[in-house]
Amino acid sequence: MRVVVVGSGVVGAACAYAATRMGADVLLADAGLPGQATAAGAGIVCPWTSRPADDPVWYDFACASARYYPGLIDDLTQAGETDVGYRQVGALLLAQSRPQQEQVHRQLEDRRAAAPEAGDVAALSGAQARDLFPPLRADWPAVWVSGACRVDGRRLAAALTRAAAAKGAVITTAPARLVCDGGRATGVTLKGQLVEADAVVAAAGAWTTQFLEPAGVTVPVAPQRGQIVHLSVAPAGTSRWPVVLPVMGGHYLLAFEESRVVAGATRETGSGFDYRVTAAGLAEVLGQALAVAPGLATARHLETRVGFRPVSPDGRPLLGPVPGVAGLVVATGLGATGLTMGPLAGTVAARVALGEPPGTDLAPFDPLRAAPPDLEP
Ligand SMILES: Cc1cc2nc3c(=O)[nH]c(=O)nc-3n(C[C@H](O)[C@H](O)[C@H](O)COP(=O)(O)OP(=O)(O)OC[C@H]3O[C@@H](n4cnc5c(N)ncnc54)[C@H](O)[C@@H]3O)c2cc1C
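Description of the overall build of the protein chain
Item 1. Each helix and strand counted, the protein chain has 9 helices and 21 strands in total.
Item 2. By principal-axis analysis of the C-alpha atoms, the protein chain measures approximately 65 × 40 × 40 Å.
Item 3. By the burial criterion, 56% of the 377 residues in the protein chain qualify as buried.
Item 4. Pairs at least 24 apart in sequence give 73% of the contacts found in the protein chain among residues at least 6 apart.
Item 5. Accessible surface for the protein chain amounts to roughly 15300 Å². Of this, 52% is attributable to carbon and sulfur atoms.
Item 6. Taken together, the 30 basic and 33 acidic charged side chains of the protein chain have centroids lying 6 Å from each other.

A look at the side chain of glutamine 100
Item 1. If you trace the backbone, glutamine 100 turns up in helix 4 (residues 98-114).
Item 2. Sequence-distant contacts of glutamine 100, that is, excluding residues within four places in its chain, are made with Ala95, Val247 and Met248.

So, helix 4
Item 1. In a regular helix each residue adds 1.5 Å, so 17 residues correspond to 24 Å; helix 4 covers 25 Å between its end C-alpha atoms and thus fits that length.
Item 2. Those residues of helix 4 that fall on the buried side of the exposure criterion are Gln100, Gln101, Val104, Leu108 and Arg111. Buried positions in helix 4, seen along its axis, are confined to an arc of 95 degrees and lie on one side of it. For helix 4, exposure combined with an orientation more than 90 degrees from the buried face picks out Arg98, Pro99, Gln103, Arg106, Asp110 and Ala113.
Item 3. Against helix 3 (56-78), strand 5 (91-94), strand 6 (121-124) and strand 7 (142-145) lie the buried residues of helix 4.
Item 4. Regarding helix 4, its N-cap is serine 97, as a side-chain oxygen of that residue lies 3.2 Å from the backbone nitrogen of glutamine 100 further along.

A closer look at the sheet that holds strand 13 (residues 199-202)
Item 1. Pairing is mixed in the open sheet, where 6 strands are placed in the order 9-2-1-13-21-20. Single-partner strands in this sheet number two, and they are strand 9 (170-173) and strand 20 (318-321). Sheet twist, expressed as the mean angle between neighbouring strand axes with direction ignored, is 20 degrees.
Item 2. Sheet analysis places strand 2 (residues 25-30) next to strand 9, joined by 4 bridges and oriented parallel. Counted as the bridge partner of leucine 27 is valine 170 from strand 9.

A word on the confidence of the model for the protein chain
Item 1. In this model, the protein chain carries a mean pLDDT of 95, and residues with pLDDT of at least 70 account for 97%.
Item 2. In the predicted structure, residues 373-377 sits below a pLDDT of 50 and forms 7 contacts with residues beyond four places in sequence or in another chain.

Regarding the site of the ligand
Item 1. In the neighbourhood of the ligand, 38 residues make up the surrounding shell, with Asp30, Thr38, Ile44, Gly335 and Thr340 lying closest.
Item 2. In this structure, a nitrogen atom belonging to the ligand sits 2.9 Å away from a main-chain N or O atom of alanine 31.
Item 3. In the environment of the ligand, an oxygen atom lies 3.2 Å from a nitrogen or oxygen atom belonging to the backbone of glycine 338.
Item 4. About the coverage of the ligand: the protein hides 97% of its 1000 Å² of free accessible area.
Item 5. Counting residues per element, the ones that place at least two in the shell around the ligand are helix 1 (10-21), strand 2, helix 2 (37-40), strand 14 (222-232), strand 19 (300-311) and helix 9 (338-353).
Item 6. Tallied by class, the residues present in the shell around the ligand amount to 22 nonpolar, 14 polar and 2 charged.

With respect to the sheet that holds strand 11 (residues 185-190)
Item 1. Spatial strand order, 10-11-12: 3 strands in an open sheet with antiparallel pairing. The open sheet is flanked by strand 10 (176-180) and strand 12 (193-196), the only strands paired with a single partner. Direction aside, neighbouring strands of the sheet carry axes that sit 30 degrees apart on average.
Item 2. As paired elements, strand 10 and strand 11 share 5 bridges and run antiparallel to each other.

A few points about the packing of aromatic side chains
Item 1. On inspection of all chains with the given rule, the structure shows 7 aromatic pairs.
Item 2. Counting every residue linked through ring pairs, the aromatic cluster contains Trp207, Phe273, Tyr275 and Phe308.
Item 3. A cation over a ring is seen here: arginine 111 above tyrosine 59, with NZ or CZ 5.5 Å from the ring centre.

Overview of the packing of helix 1 against helix 9
If you want to describe how two helices pack, look at the angle between their axes and the distance between the axes.
Item 1. One way to put it is that helix 1 packs onto helix 9 with a least axis distance of 7 Å and a crossing angle of 40 degrees. Where helix 1 crosses over helix 9, the handedness of that crossing is right-handed. Only Gly338, Leu339, Gly342, Pro343, Gly346, Thr347, Ala349 and Ala350 of helix 9 make contact with helix 1, whose side of the interface consists of Val10, Val11, Ala14, Cys15, Ala18 and Ala19.
Item 2. Counted by class, the contact of helix 1 with helix 9 contains 10 nonpolar, 4 polar and no charged residues.

Description of the pairing of strand 16 (residues 252-256)
Item 1. The buried count for strand 16 comes to 5 of 5 residues, which makes it a mostly enclosed element.
Item 2. The two faces of strand 16 match: Tyr252, Leu254 and Phe256 on one face and Leu253 and Ala255 on the other face are all buried.
Item 3. Across 5 bridges, the pairing between strand 16 and strand 17 (residues 260-264) is antiparallel. Residue pairing across strands places tyrosine 252 opposite glycine 264, the latter belonging to strand 17.
Item 4. Taken together, strand 16 and the strand that follows it, strand 17, pair antiparallel across an intervening segment of 3 residues, in which glutamate 258 is found at a positive phi of about 55 degrees.

What counts, and at which threshold
Residues numbered from 1 in each chain as written. Predicted model: local features only at pLDDT ≥ 70, side-chain atom pairs only at ≥ 80, totals over all residues. Heavy atoms only, no water. Helix = DSSP H or I, 4+ residues; strand = E, 2+ residues; numbered from the N terminus. Buried < 20%, exposed > 50% of the residue type's maximum accessible area, 1.4 Å probe, protein only. Contact = heavy atoms within 4.5 Å. Areas by Shrake-Rupley, 256 points an atom, 1.4 Å probe, with all protein chains shown as cover. Lys, Arg positive; Asp, Glu negative; His and termini not counted. Charge placed at Lys NZ, Arg CZ, Asp CG, Glu CD. Expected span 1.5 Å × (residues − 1). Arc of directions from axis to C-beta. Polar contact = N/O pair within 3.5 Å; in protein donor to acceptor, adjacent residues only side chain to side chain. Pairing = 2+ DSSP bridges. Axes fitted to C-alpha atoms, helices over the stretch in contact; angles between N-to-C directions. pLDDT = per-residue confidence, 0-100. Near = heavy atom within 4 Å. Nonpolar A, V, L, I, M, F, W, Y, C, P; charged D, E, K, R; others polar. Phe/Tyr/Trp six-rings, centres within 6.5 Å; stacked < 30°, edge-to-face > 60°. Lys NZ or Arg CZ within 6 Å of the ring centre and 35° of its normal. Left-handed = near helix turned anticlockwise from the far one by under 90°.

What follows is the structure, encoded as structure tokens:
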């Protein structure tokens, strides 16, 4: 069976990897567009504290996605991929007062009862939090969640792509155009050549709507720009610093190897594909970071990344077969948590493309659905 996967962000790379392992003949194409979300994403995997957790459908899939990671990383390691950029480092939820800390602590204890992979939950003083992440201010108490992980989207997508290629997938850099015939997706054109396929997986992130135009369907995904700042705190050893999630506000901090601290991020709904670092974006991200971690004031600016989150109107994934177009599968709409959900979403898309049971109820993720009014952002 021949499967063409369009888009090699985390979703498409995971899909290509899963489909090759299931025995398909896979071609993975990416246009190399500026603003790939996977290359800019922070990489926090901690669904138990995410804001959309009030939607049980979203929350169940996000928790399943976090549970899916360790097995995937083991598989990749056994395939010889050791540079996957994934590590369990825990998270600190920073509260601004003791009552707020107690409230968050209770909520996380409740969530952990149903999701043991969240790990240990404990109340910490501001000083204890700062011992774990030294640039932090010391007067905000925190709640510790040990199961939180971080992942480097670039390294993970590269490892998935390499592992797929090692199993025979063909990797191409070129824009793909969908080809449909009589209510069926029959392949794509790449560099002017028709590539026929039994199934086409549209994992083109925020660009998926445009890619699907030839099918005459509209999948409601839109770009939301995120600007995210990378700093160096050399010579500090940062590889085990936890993720920092202030309870108030959507900004955060995390760290990677080589003294790299990442401060994120803007959420610019309605940005279109405007691939720019802006003065307001930098001011917002750095202002929020320094308010929480004044010790970063002397850090060196390394780079600012820009990515377009593929957001759906109701926050749920757009995932599954496209009604009325045989052989066409959509896997996008993962918004601000696509590095968490991407590996599982890509795997589900591969199963659908190959006619296997998806392993999850796809009805709420129908890519052509209208947003329920009570869930519209
Ligand atoms: C600043 C920022 C911070 C984030 N932080 C987190 C986080 O902490 N945790 C988390 O879980 N998620 C996070 N995310 C979200 C996550 O990064 C995204 O949801 C996820 O990476 C989306 O992956 P994707 O594969 O769907 O899309 P993308 O990574 O955008 O990939 C889509 C690919 O499709 C290609 N493409 C498009 N059209 C075509 C075509 N016609 N032909 C061929 N190729 C095409 C593009 O070139 C692109 O490479 C963050 C995102 C941003 C921007």
